[in-house]
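What follows is the residue order along each chain.
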Amino acid sequence: MKRMQKGFTLIELMIVVAIIGILAAVAIPQYQDYTVKAKLSKVAGFAAPIKTAIAIYAQEQGSYPATADAWVSLGIAAAGPTYTPEVSLAAVAANTGAITLTIRGVKATTIDGLTVVITPAAIAAGQTAIVWTNTCTVTDPVAIKYFGC
């Protein structure tokens, strides 16, 4: 009489383990990139209200603030913005409106401690829109692609 097989053979189990290993090898680096991108979006989100305040100031005054970190003149609390786990320092340059953000808690080996400088274009007569450009000390390819540096 033939015996009925119950369960899986060793080769079938090894094939399943190999497939799971291949999927994990592809998925883990992608997940890490998505995590970095999510944290970088928090850095960009942190800068958004500062950019808006500088744009409004420039449109109303016709120039950028003459004093560095003039938070009150930008409509921000005198102590400056409330920092997030991804941004350790924010500064606004005098006369140029350039925002310098120091990044932390994103990727310890290649991004943390480095900066992104977001610079508005010079104000031209009759100009209403401000064009922003990014400059980075970051060398991580995910961050460079995200900020367009």
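Each value, and the rule that gives it
- In this convention, every chain numbers its residues from 1, walking through the sequence in written order.
- Totals for whole chains, interfaces and linings use all residues, but because this is a predicted model, local features are given only for residues with pLDDT of at least 70 and pairs of side-chain atoms are given and counted only at 80 or more.
- Computation of side-chain values covers all heavy atoms of the structure but excludes hydrogens and water.
- Any two cysteine sulfur atoms within 2.5 Å of one another count as a disulfide.
- Helix and strand definitions here come from DSSP, where helices need a minimum of 4 consecutive H or I residues and strands a minimum of 2 consecutive E residues; each element is numbered from the N-terminal end.
- For each residue, the accessible area found with a 1.4 Å probe, counting protein chains only, is set against the maximum for its type, and the residue is called buried under 20%, exposed over 50%, and partly exposed in between.
- Here, two residues are considered to be in contact whenever any of their heavy atoms come within 4.5 Å of each other.
- Two aromatic rings from Phe, Tyr or Trp, using only the six-membered ring of Trp, form a pair when their centres are within 6.5 Å; if the ring planes differ by under 30 degrees the pair is stacked, by over 60 it is edge-to-face, and anything between is tilted.

(A) Just the state of the cysteines, in detail. Going through the model one piece at a time under the given rule, you end up with one disulfide. Through a disulfide, Cys136 is tied to Cys149; the S-S separation comes to 1.8 Å. Pair noted here: Cys136 is in strand E4 (residues 132–136) and Cys149 is in the segment after helix H2 (141–147), with a separation of 13 residues, a long-range link. Taking the relative accessible area as the measure of exposure, Cys149 reaches 34% and is therefore partly exposed.

(B) Geometry of the environment of Thr84. Relative to the helices and strands, Thr84 is located in the loop between helix H1 (10–61) and strand E1 (87–92). We classify Thr84 as partly exposed; its relative accessible area is 22%. Taking the C-alpha atoms as reference points, Thr84 and Gly105, 21 residues apart in sequence, are found 9.5 Å from one another. In this structure Thr84 touches Phe46 and Arg104, once residues within four positions along its chain are discounted.

(C) Fine view of the packing of aromatic side chains. As enumerated under the stated definition, the model contains two aromatic pairs in all. Between Phe46 and Tyr83, the aromatic rings sit 5.9 Å apart at their centres with planes inclined by 25 degrees, giving stacked as the arrangement. Here the residue Phe46 occupies a position in helix H1, and Tyr83 occupies one in the loop between H1 and E1, the gap between them amounting to 37 residues.

(D) Spotlight on unusual backbone geometry. Its identity is not glycine, yet Asp69 carries a phi of approximately 50 degrees, on the positive side. Among the structural elements, Asp69 can be located in the loop between H1 and E1. Phi is positive for Asn95, which is not a glycine, with a value near 65 degrees. Along the chain, Asn95 falls in the loop between E1 and strand E2 (99–103).

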